[in-house]
Amino acid sequence: MASYSTSASTKGGGAATKISSIHSNILQTYILPRLDGLSLASLSCTSSYFRSISTVETLWRDICISTWPSTNHPIIQNLLATFPGGHRRIFSDSFPLLSPNHDPNVHKRPFFTPSPEIISAVDVRHQDQLIFSKVQETKTAVWRRLENRPFWVDLLDPKENLLTPIQISSQTELEEHLTLSWIVIDPTRKRAANISSLRPVRVYRHWSTGDIRVKYATTMGGLSLESPLVECKIVVTCSQEEGGGKVHVRRVCMKVEDMDEKRLNGRDCLEILANAKRDRRERKVRSEKRMKMAWLAGVIGLSILASVYCSFSNHKRPNY
C-alpha cells in the first residue's frame, strides 16, 4: 500500500500522527462515506494513496444514489456496469450542470447517426424531499425516420395524476424549493449529461387551465451560425387541491427550441444533445490537463527560485 506522509500534531506539541497510519479500511468505512461527490473527487487529486482508496465503486455508487435516487433503477445499474469508470464516470459527466458553449466550427453533420435510444433519469425534490423519480427509455427510431417531427419527451401519460405529499400556500414556494435533475444517458457512446437548470427559471399559472407550470432551462450550442444557441426546456405542470391542499404533478416533459422558441426536429435535437455530452467530456479533459500543467509549472518555478536562493546565499556567505 502506498504511503502518505502528511502528519498532524496533537495539542501541546505531542507526537505527530501520520494519516498513513490509519488503516485504509477505516478511512473507506467511516470517513470517506461522509464526503459528498465533489469533496471525494477533490480528495482523490491530492495523492496517489488517496486516489487508490477513493475510487472504489461502492463509494461512488452510494453518492450517485444519494444525489440522484433514479440511478438506483435496475436499468441504470445494469448500464453503468458497462461504463468505463462506472458510477464515478456518470457523476463526473452529470455534476455540475451543463454550461452554455458554442463552437463556431460545429455544424450539422450529414452522416450523424443517433443512438438507437436515450435514457432519462429524472428526480424532482421539494425541500430535499423526493416527490418524483423515474427512469424512461426513449427509442429514437421515429425521429430518425421523420426528420420534421418535433423533439419531445413526456414522462407521464396524459391520464396520469401523481399525488405528492407537499402543500403550498403560494407558487413562490415552488420557485424556491422545487428542484429537478434530468440526466440524459447515451448507452451507445457511454456518455451522460444533466440538462436541467436544477432550480426553476420561471414559475407561472397558465391563463386557461389554471395549472401551475414550473420551467427549468439550459442553453446549449446549436448546429449553425443562424442558430448558435438553443434552449432545452423542462416543464413540470402541477395542480393543487382546493383550499390550499396537496399538490398533484400532472406532467413532466422536455423539449428543445431555438432562441425564437421554434421547436427543433428530433434528429437535430439528438445531435445537439450528443454534442453537449461530448463537449462537456472534452472540456473536462482539457481542464484537467491545464491544471496538471499549471501544477507542474508551479513546482518547476519553486525549484528554480529555491536554486537561485541557495546559490545567492552561498555566494554571499563570508569565508573564514
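Values in this document were obtained by computation on a predicted structure and should not be read as measured data.

For the rest of this paragraph, the subject is the overall build of the protein chain. Looking only at helices and strands, the protein chain has nine helices and twelve strands in total. Here the protein chain, with 320 residues, has 41% of them falling under the buried criterion. In the protein chain, 62% of the contacts between residues at least 6 apart in sequence involve partners at least 24 apart. Working note: accessible area of the protein chain is about 18,400 Å², and carbon and sulfur atoms make up 54% of it.

Taken together, the four strands give an open sheet; going across it, the order is β4-β3-β7-β8, and neighbouring strands pair in antiparallel fashion. Two strands in the sheet have a free side with no partner beyond their single neighbour: β4 (129-139) and β8 (191-194). The average angle at which neighbouring strand axes cross in this sheet is 15°, direction not considered. Bridge count between strand β3 (residues 117-126) and β4: ten bridges; the pairing is antiparallel. Residue pairing in the sheet places V124 in a bridge with F132 of β4. Most of the contacts of helix α6 (residues 86-94) go to β8, to which it runs at about 45°, and overall it touches β7 (178-186) and β8.

Moving on: the packing of helix α2 (residues 37-44) against helix α4 (residues 57-67). Between two packed helices, what matters for the description is the angle formed by their axes and the separation of those axes. One way to put it is that α2 packs onto α4 with a least axis distance of 10 Å and a crossing angle of 150°. The angle between the axes of α2 and α4 places the two elements in the roughly antiparallel class. When α2 is examined against α4, the residues G37, L40 and A41 are found in contact with a partner set consisting of L59, W60 and I63. Residue classes in the contact of α2 with α4 are distributed as five nonpolar, one polar and no charged.

Next up on the list: the pairing of strand β10 (residues 212-221). Judged by how many residues are buried, β10 sits mostly within the fold: eight of ten residues are covered. As defined by bridge partners, strand β9 (residues 202-205) adjoins β10 across four bridges and the pair is classed as antiparallel. Residue pairing in the sheet places V203 in a bridge with V214 of β10. What sits between the antiparallel neighbours β9 and β10 is a turn of six residues, in which G210 has the positive phi angle 85°.

Counting buried residues in α6 gives seven out of nine residues, a clear majority hidden from the surface. Among all positions of α6, only G86, H87, R89, I90, F91, D93 and S94 are buried.

Parameters and conventions
- Residues numbered from 1 in each chain as written.
- Predicted model: local features only at pLDDT ≥ 70, side-chain atom pairs only at ≥ 80, totals over all residues.
- Heavy atoms only, no water.
- Helix = DSSP H or I, 4+ residues; strand = E, 2+ residues; numbered from the N terminus.
- Buried < 20%, exposed > 50% of the residue type's maximum accessible area, 1.4 Å probe, protein only.
- Contact = heavy atoms within 4.5 Å.
- Areas by Shrake-Rupley, 256 points an atom, 1.4 Å probe, with all protein chains shown as cover.
- Pairing = 2+ DSSP bridges.
- Axes fitted to C-alpha atoms, helices over the stretch in contact; angles between N-to-C directions.
- Parallel < 35°, antiparallel > 145°, perpendicular 65-115°, else oblique.
- Nonpolar A, V, L, I, M, F, W, Y, C, P; charged D, E, K, R; others polar.

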